[in-house]
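Descriptive analysis of the structure
Each chain, written out:
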Amino acid sequence: MGLIGSLKKAFSKSYKTISVAQAKELLGSGATLIDVRSAQEWRTGRAPQAKHVPLDRLRTSTAGIQRTRPVIAVCASGVRSASAARLLAAKGYDAYSVRGGMTAWRQAGEPVR
């Protein structure tokens, strides 16, 4: 592989950014949803099936997140979930980030508790 190919591979996204609808499809197929927001944000409302794994904790441990299932990360707007998905993908997970985060989740009319 040449230099250009190596650079493309090094800088290519190792995760996928998906819509709320695509996230719901994956969840229906057994994917895990993790919410990487802070505890304070988590308390303001979350997707019912989400596990709370703040991004700072995810940086040090992926304990409890099954590697055999796709993992979907969600945050407030999609920035931190992209970081989480990139980190998970680098550790061998099939990782996704929800475009627009919980803002998009709410706008799509999905349940929040």
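Figured I'd write up the structure that's included with this text. (Residues numbered from 1 in each chain as written. Predicted model: local features only at pLDDT ≥ 70, side-chain atom pairs only at ≥ 80, totals over all residues. Heavy atoms only, no water.)

A short note on the pattern of salt bridges
Where we set the bar: Whenever a carboxyl oxygen of Asp or Glu lies within 4 Å of a side-chain nitrogen of Lys or Arg, that contact is scored as a salt bridge. Numbering of helices and strands starts at the N terminus; helices are DSSP runs of H or I of at least 4 residues and strands are runs of E of at least 2. Only protein chains enter the accessibility calculation, which uses a 1.4 Å probe. A residue is then buried if its area is under 20% of the maximum for its type, exposed if over 50%, and partly exposed in between.
Applying the stated rule across the entire model yields 4 salt bridges. For D94, the salt bridge goes to K16, with nearest N and O atoms at 3.4 Å. Of the two residues, D94 is situated in the loop between α5 (79-90) and β5 (95-98) and K16 in strand β1 (residues 16-18); the sequence distance between them amounts to 78 residues. Assessed through its relative accessible area of 41%, K16 is described here as partly exposed. Here D35 and R37 are joined by a salt bridge, their closest N and O atoms 2.8 Å apart.

Points about the side chain of R37
In plain terms, the rule: Polar contact is the term for a pair of N or O atoms within 3.5 Å; when the atoms are in protein, one must be able to donate a hydrogen and the other to accept it, and sequence-neighboring residues count only if both atoms are side-chain atoms. Working rule for contacts: check all heavy atoms of both residues, and any pair within 4.5 Å makes them a contact.
Assignment of secondary structure puts R37 in the loop between β2 (32-35) and α3 (39-43). Side-chain polar atoms of R37 contact the backbone oxygen of E41, separated by 3.3 Å. Not counting residues up to four positions away in its chain, the partners in contact with R37 are W42, T44, G45, R46, H52, P54, V74, C75, A76, R80 and M102.

Purely geometric stuff here, so don't read any function into it on its own.
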